Amino acid sequence: MNTPLLQAEILRKTYGPLVAVEGISLELHPGDIFGFIGPNGAGKTTTIKMLATLLQPTSGTATIDGIDLIRYPREVRPLIGYMPDAFGVYDDVKVWEYLDFFAAAYRQSRDERTATVDRVLELTDLTEKRDAFVQGLSRGMQQRLCLAKCLVHDPKVLLLDEPASGLDPRARIVIKELITRLGQMGKTIIVSSHILPELSDFCNRIGIMERSHLLISGDVETIIRQLQPTRQLLITPLKGVGASGPLREDLEAMPQVEKATVENGDDGTVRVAFTGGLSEQAALLRTLIERGHALCSFTESAMDLEDVFLRVTTGRVN
Amino acid sequence: MTSTAFPIHGRLRLAALRQSVRSLLFNPVVVRDLRAQMRGTKSYWFQGAYLLLLGTLAVTGYTLSTGQSLMPRSEDAARSTLSIVEAQSQLQGFYYFTFGTLAALICLIAPALTAASIVGERQRLSLDLLVTTPLTAGELLTGKLVSSVAFLGLLLTLSLPASALCVLLGGATLGDVFRTYLLLAIGGVTLASIGLFFSCAARTTLLAVIWSYVTVGIVVFGTFCLFGSGVRGGNFTDPGAVSPFTALLALNPFVAILPRAAQSVPFGAFAVPVWVLTAGFAALIVRLMITASAYRLGVYGGSAASSLRRQTIFLLGLLALVASQGMLQASPLGDDSTYGYGYGHGMRLGGTLAAALLVAFLGMTPFLPGLFVPAAAPEDAPPGGVEETGVWETNADSRAYRLSRVFRPVHAGALPLFHLCLLAVFGGAMTGAFIAVRGSVVPLERYLETVLLLAITALYLAGLGLLFWQLARLAACLVRRVSGARALAFGLFALLAALPIMGLALISNNSQNSSWEDHILGCLWLLRPLFKLGQPQEIVALMAFPTAQAYVLGGIVGLIRGMLIRKADRRAAG
Ligand SMILES: Nc1ncnc2c1ncn2[C@@H]1O[C@H](COP(=O)(O)OP(=O)(O)O)[C@@H](O)[C@H]1O
Ligand SMILES: [Mg+2]
């Protein structure tokens with residue numbers, strides 16, 4: 001990857017004595033979907049608003065596509081699509097008129113606008129709602145409409161602040177699919193959420209924020225490897241708890257096993273902290289079978305984002 | 001495309017002009033707002049109710065002013081043998097009733113139309129969506145103004161039947177009605193721009209509406225009084241002589257309907273219709289209000305501040321020029337005693353202008369803390385956030401008074417701005433007075449006397465400004481919250497200005513011979529010259545002491561502030 005599309009260096013925002021965002025640094029490339037996770041009041045919205053040229057940072061710099069967004073906010077605005085965490089719609093305006101208005105605000109001609117409106121309606125699956133009134137749409141559809149509004153000018157960067165909050169599970173899935181599709185189209189996307197599972201499926205990079213600090217950020221695998229240098233294997237003997245004692249003793253004696261513990265529960269699963277790679281793992285399984293252990297399951301417990309989140313955050317809210 | 005200058009402070013380059021035209025004609029905000037406005041059923045109900053109201057008023061007005069019903073019954077017809085003169089005046093009464101009602105409706109409706117526009121977007125949480133588009137603040141605000149004004153135009157059109165009655169019955173000519181409508185529309189746009197400003201400044205729609213009404217009320221009442229005091233004999237419907245000042249006052253809908261607004265102003269060989277000048281003034285004022293709104297909107301990346309400052313200085317100078325010329329023209333000069341009715345009542349030439357200056361200053365004092373109390377980051381005050389005073393950050397570079405910073409919203413430019421405004425007003429007033437006396441038989445020494453009086457007044461006000469500024473800086477050291485510091489600054493100034501009254505009142509109780517302001521110690525009172533404007537001969541002598549006092553006091557306050565800061569610095573270092 002060459003130069004990053006979005007770059008932030010020690011962005012900081014204070015409101016009087018209150019520090020809303022403390023020195024955030026970020027680097028995102030085209031196609032990156034960055035999940036921005038943190039409890040309420042962590043400073044996600046403030047960060048996104050700074051990147052959306054709505055708030056002037058107290059200090060720090062940020063560029064989008066090489067343009068300094070603090071010095072040239074007006075030049076940066078056509079490059080970004082911003083979806084706020086809470087937004088209102090106008091009464092008595094139809095869906096296509098709403099989108100037509102934003103397209104006009106981006107200086108598109110009448111013909112361009114017609115094409116644009118059709119394109120974004122298609123993309124967000126709102127085509128049949130073209131002539132509906134905006135205030136009559138469901139919350140999920142309004143959310144999609146706002147996303148459609150972000151897309152009228154085909155921006156390079158999308159800043160989505162809690163796009164799935166307050167939606168029912170089905171609408172949430174629709175939004176998630178949409179964001180995934182936009183990522184595949186090569187857009188750089190920042191998505192924030194205070195709920196982790198919302199983001200875990202489709203983000204390739206995450207940042208965890210708490211109390212105005214970005215605690216950790218990077219691509220998902222790197223973070224997991226950082227937090228968990230050893231792999232966790234779960235081995236379940238066929239005969240249940242009775243067989244787990246000898247299994248554990250055998251395992252402890254193996255070379256690359258750091259620790260083996262019997263999990264709570266009646267199936268007698270043994271959790272193994274294993275430092276070896278995949279081939280050593282295969283060797284381990286062969287050895288166990290050769291020694292006559294009857295196993296019904298041998299899996300690696302993948303640490304997911306949820307665990308990362310719990311490991312990293314302290315649970316305090318400012 | 002997006003890098004083109006902000007249309008409202010671009011110079012008159014072709015690109016800027018094109019963009020201005022586009023922001024007026026092809027403004028997406030207008031299209032969207034009009035769509036929404038014209039659609040809802042609310043709008044039909046409103047228009048229906050409005051028509052009904054106008055109709056009722058027209059019939060009532062006709063009945064009241066002519067004593068006749070519109071459809072005369074037989075016994076009415078018997079006694080309807082009026083003289084022509086009587087009938088004429090009755091029809092005129094009907095004309096004033098109809099158009100007075102229309103003027104009142106415009107004053108009530110125009111500010112309310114715009115007052116909700118921006119604060120409504122803010123409360124609906126849709127403003128951010130607009131700000132992140134390449135729409136400039138100027139385009140957004142112009143769009144809001146145009147769409148509101150389009151609605152005003154609709155209301156005016158709906159009122160045509162009522163005013164057509166005036167023409168049919170003979171109370172006015174078609175030309176009169178047309179011109180009056182034009183002036184009413186121009187006045188309506190100007191009032192609407194006041195509503196737009198408060199829509200950007202206020203936190204809730206209700207507050208925006210209240211502030212707009214209060215301001216519009218004061219402006220309409222004040223300009224009508226100004227107009228009235230220039231009318232000799234209290235005969236408002238008398239088509240007397242007009243000046244550009246009349247055209248300025250014709251922005252007031254109640255002045256717009258009077259015959260004077262139908263006159264032309266002579267400029268040498270030419271005569272310019274009043275409405276043309278009025279439209280010019282309206283354009284300048286609306287432009288200033290849009291810039292002020294853009295500044296208050298605080299969209300970052302905009303550069304409204306310097307344009308706002310330039311326009312303010314220019315408009316203040318122009319208003320001073322036009323007002324002084326008009327006021328002096330309306331009052332006969334060269335007479336030492338009384339001037340009968342008119343602006344010059346009991347005063348001499350310069351006394352009037354000095355009085356106007358001082359009163360204008362007093363009217364401005366509530367707003368001065370906003371200019372003088374330094375905030376840490378003026379452009380970037382979040383709505384609802386706590387602003388802090390930024391005075392403790394005393395880096396060596398930020399000298400307190402810098403003429404070169406006068407167009408920037410930084411602390412070093414605050415007092416220079418005040419002084420430049422004062423200078424503009426002084427220059428404008430002097431030029432206006434010169435134009436006014438040039439044609440008349442005023443001796444030169446009278447004019448020079450006026451210049452001297454005004455110059456001393458300006459010097460005195462500059463001193464008061466300096467004192468206020470020092471007090472504001474002191475307050476900013478004592479209180480960290482900007483709003484608190486502003487209140488404290490105003491309080492300190494009011495205290496300094498008002499406190500001596502009590503002491504003086506005590507003294508004068510003992511010496512029964514004269515009232516307290518005439519006491520020798522009375523010159524200790526800062527605001528004393530205000531109350532001595534009736535006697536312009538004395539005023540020069542009387543002003544000298546308070547002026548010196550203002551500068552000395554300002555210096556002392558500055559020293560105290562310096563001591564406080566050094567102490568705090570030492571405490572921070574140690
Ligand atoms: N305009 C403001 N004035 C003062 N404090 C603010 C303002 N906006 C946000 N904050 C504070 O900044 C912190 C971060 O807020 P925010 O960015 O909205 O968090 P998040 O989006 O992660 O929930 C919060 O403590 C909030 O109270
Ligand atoms: Mg938030």
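Since this is a predicted model, take the numbers as computed values, not measurements. (Residues numbered from 1 in each chain as written. Chains lettered and ligands numbered in written order. Predicted model: local features only at pLDDT ≥ 70, side-chain atom pairs only at ≥ 80, totals over all residues. Heavy atoms only, no water.)

Participant: I'm lost on the site of ligand 1 in this one. Help?
Facilitator: Residues and elements named next belong to chain A. Around ligand 1, the structure places 13 residues, and the nearest of them are G41, G43, K44, T45 and T46. Between A42 and ligand 1, the recorded distance is 3.1 Å, taken from a backbone N or O atom to an oxygen atom. Protein coverage of the free-state accessible area of ligand 1, which is 560 Å², stands at 70%. Secondary structure elements with two or more residues in the shell around ligand 1: β2 (18–28) and α1 (44–51). In terms of residue class, the shell around ligand 1 is built from 6 nonpolar, 6 polar and 1 charged. (Near = heavy atom within 4 Å. Polar contact = N/O pair within 3.5 Å; in protein donor to acceptor, adjacent residues only side chain to side chain. Areas by Shrake-Rupley, 256 points an atom, 1.4 Å probe, with all protein chains shown as cover. Helix = DSSP H or I, 4+ residues; strand = E, 2+ residues; numbered from the N terminus. Nonpolar A, V, L, I, M, F, W, Y, C, P; charged D, E, K, R; others polar.)

Participant: How should I be thinking about a positive patch on the surface in this particular structure?
Facilitator: Taken together, the side chains of B:R566, B:K567, B:R570 and B:R571 present a region of like positive charge at the surface. Checked against the element boundaries, B:R570 lands in helix α21 (residues 536–573). (Patch = residues over 30% accessible without salt bridge, like charges linked within 9 Å, V, L, I, M, F, W, Y side chains within 5 Å. Salt bridge = Lys/Arg side-chain N within 4 Å of Asp/Glu carboxyl O. Lys, Arg positive; Asp, Glu negative; His and termini not counted. Charge placed at Lys NZ, Arg CZ, Asp CG, Glu CD.)

Participant: Teacher, can you tell me more about the environment of A:T127 here?
Facilitator: Turning to its location among the elements, A:T127 is positioned in the loop between α4 (110–123) and α5 (139–151). The class of A:T127 is partly exposed, set by a relative accessible area of 42%. (Buried < 20%, exposed > 50% of the residue type's maximum accessible area, 1.4 Å probe, protein only.)

Participant: Explain the packing of helix α8 (residues 137–158) of chain B against helix α10 (residues 174–201) of chain B here, please?
Facilitator: Two numbers describe a pair of packed helices, the interaxial angle and the distance between the axes. Residues and elements named next belong to chain B. At a minimum axis distance of 9 Å, the contact between α8 and α10 shows a crossing angle of 140°. Judged on the interaxial angle alone, α10 and α8 are oblique. In the crossing of α8 with α10, the sense of the turn from one axis to the other is right-handed. Contacts between α8 and α10 involve L141, K144, L145, V149, L152 and L156 on the former and, on the latter, Y181, A185, G188, V189, A192, S193, L196 and C200. (Axes fitted to C-alpha atoms, helices over the stretch in contact; angles between N-to-C directions. Parallel < 35°, antiparallel > 145°, perpendicular 65-115°, else oblique. Left-handed = near helix turned anticlockwise from the far one by under 90°. Contact = heavy atoms within 4.5 Å.)

Participant: How should I be thinking about the interface of chain A and chain B in this particular structure?
Facilitator: Contacts between the two partners involve 42 residues from chain A and, on the opposite side, 37 residues from chain B. Summed over both sides, the interface between chain A and chain B buries roughly 3400 Å², with carbon and sulfur atoms accounting for 59% of that surface. A per-residue breakdown of the area chain A buries against chain B is headed by A:R74, A:Y90 and A:R107, which together make up 24% of the total. The tally of links from chain A across to chain B stands at 3 salt bridges. Residues B:R35 and A:E97 are paired through a salt bridge, measuring 3.6 Å at the closest nitrogen-oxygen approach. One can count 8 residue pairs in polar contact (both at pLDDT 80 or more) joining chain A with chain B. Counting residues per element, the ones that place at least two in the side of chain A that touches chain B are β1 (6–15), α2 (73–76), α3 (95–105) and α5 of chain A. In terms of residue count, the dominant contributor to the side of chain A that touches chain B is α3(A) (8 residues). For the side of chain A that touches chain B, the per-class residue count stands at 26 nonpolar, 4 polar and 12 charged. (Buried area = accessible area lost by both parts, 1.4 Å probe.)

The values are spatial; any link to function lies outside them.
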